[in-house]
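Listed below are the residues making up each chain.
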Amino acid sequence: MAQLAKPNPNNSSADAMMDPPCDVVIFGTGEMAEVARFYLQWEGTHNIVAHTLNREYLNETSKDGLPVVAWEDLNTLYPPDQVKLFCPVSYKEVNLHRKRLFLEGLDKGYDFIRFIHPYARYYGTPVGRNTFIFEDNVIQPHTVIGDNCILWSGNHIGHHTTIRDHCFIASHVVVSGAVDIGERCFLGVNSTIRDNISLGEGCVVGAGALVTRALDDLTIIVGAKSRIMPKTSDQLDGI
Ligand SMILES: CC(C)(COP(=O)(O)OP(=O)(O)OC[C@H]1O[C@@H](n2cnc3c(N)ncnc32)[C@H](O)[C@@H]1OP(=O)(O)O)[C@@H](O)C(=O)NCCC(=O)NCCS
């Protein structure tokens, strides 16, 4: 789980990146890798030295002027004491693919950077390794975000929420306060999670879904049907 806590009241670019500048190898050469490289280069705080891919997918030796090397050869060509990794792999197999690569990278002896966009708003949130947080995320106090997560742009993460390792949170998701999101969950665009509930491991929340109850491991939930309740608003005690 996440270890790093650094107060960031002003969200300056340098603070937002949190990790000191270093040489970085990016896993992948596809769209996700291109997006990640764009952000890292735009913010200019890390030096990207190469891309890496599993040998069986290696069909180019360079990409945009950078070497592309086999994952299997990485320790020889770019040893762990010289570079860190960034593995911005998508949500394939409900994030299991990215989880495996992250664990393999750790096994090979590498550390990972994390990227938090300078226009994300957060307050000393502990954020794990290889976690990628895009612009316009609002992350309220007392939240914890684990290793190897991706928070695409524009989410609201309510106070006292825990996002466990290997999650993918698409755009414009509202996570209310004190939610516990299990490992490897996928939260689709525009979904809403009510406060004080927990989602088990590997849940998939469909685009636009409204989640009002705890979910068991591996649940898929879709739909946001609205209905008029039998009581009136003066009978509510929770709002
Ligand atoms: C939930 C989800 C994973 C289901 O995928 P799937 O199993 O391939 O679903 P299908 O496309 O086969 O649809 C099956 C049925 O569920 C419905 N359905 C699928 N997703 C739905 C959703 N989010 N809300 C409501 N209904 C949905 C479909 O309309 C279809 O209904 P039908 O049988 O009456 O026609 C997917 O639809 C989804 O919401 N993905 C998230 C997309 C997203 O947020 N992407 C962001 C990436 S950055």
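This one's a predicted model, so the numbers in the text were calculated from it and none came from an experiment. (Residues numbered from 1 in each chain as written. Predicted model: local features only at pLDDT ≥ 70, side-chain atom pairs only at ≥ 80, totals over all residues.)

In this structure, Phe86, Ile133, Ile169 and Phe186 are the most contacted members of the largest nonpolar core, which totals 59 residues. No other element matches the 4 residues that strand S1 (residues 23–27) contributes to this core. Both domain 1 (21–107) and domain 2 (117–227) contribute no fewer than three residues apiece to this core. When near neighbours in sequence (up to four residues on either side) are disregarded, Ile169 contacts Leu151, Trp152, Asn155 and Leu187. (Core = buried A, V, L, I, M, F, W, Y, C linked by C-beta atoms within 7 Å. Buried ≥ 20, exposed ≤ 12 C-beta atoms within 10 Å, placed from the backbone. Helix = DSSP H or I, 4+ residues; strand = E, 2+ residues; numbered from the N terminus. Domains from an automatic or database assignment. Contact = placed C-beta atoms within 7 Å.)

Around the ligand, a shell composed of Trp152, Ala170, Gly188, Val189, Val204, Gly206, Ala207, Gly208, Ala209, Ile220, Val222 and Gly223 is seen. Residues belonging to the shell around the ligand are distributed by class as follows: 8 nonpolar, 4 polar and no charged. (Near = placed C-beta within 6 Å. Nonpolar A, V, L, I, M, F, W, Y, C, P; charged D, E, K, R; others polar.)

Further remarks concern the domain arrangement of the protein. Each assigned domain of the protein is listed with its residue range as follows: domain 1 (21–107) and domain 2 (117–227). Taking only C-alpha atoms into account, the centre of domain 1 sits 25 Å from that of domain 2. Every contact between the two is made by 13 residues of domain 1 and, on the other side, 14 residues of domain 2. Contributing elements (two or more residues each) for the side of domain 1 that touches domain 2: helix H2 (31–43) and helix H4 (96–107). For the side of domain 1 that touches domain 2, the element with the most residues is H4, which contributes 4 residues.

For the rest of this paragraph, the subject is the environment of Arg114. Among the secondary structure elements, Arg114 is positioned in the loop between H4 and strand S6 (115–116). Distance from Arg114 to Cys149, taken between C-alpha atoms, is 9.5 Å for residues 35 residues apart in sequence.

It is worth spelling out the environment of Val179 at this point. With respect to the secondary-structure elements, Val179 resides in the loop between strand S14 (174–175) and strand S15 (180–181). Its 23 C-beta neighbours within 10 Å are what place Val179 among the buried residues. In this structure Val179 touches Gly158, Thr161, Ile193, Asp195 and Ile197, once residues within four positions along its chain are discounted.

An order of S9-S12-S15-S18 is seen for the 4 strands of this open sheet, with the pairing classed as parallel. Among the strands making up the open sheet, the edge pair consists of strand S9 (144–145) and strand S18 (198–199). Sheet topology places strand S12 (residues 162–163) next to S15; 2 bridges connect them, and they run parallel. For Ile163, the partnering residue across the bridge sits in S15 and is Ile181. (Pairing = 2+ DSSP bridges.)

With that settled, consider unusual backbone geometry. Phi is positive for Asn95, close to 70°, though the residue is something other than glycine. Summarising the element assignment, Asn95 is placed in the loop between strand S5 (84–86) and H4. Using a count of 25 C-beta atoms within 10 Å as the deciding quantity, one classes Asn95 as buried. Positive phi, normally seen in glycine, also occurs at Arg184, with a value near 70°. Of note, Arg184 is situated in the loop between S15 and strand S16 (186–187). When the 26 C-beta atoms within 10 Å are taken as the criterion, Arg184 is described as buried.

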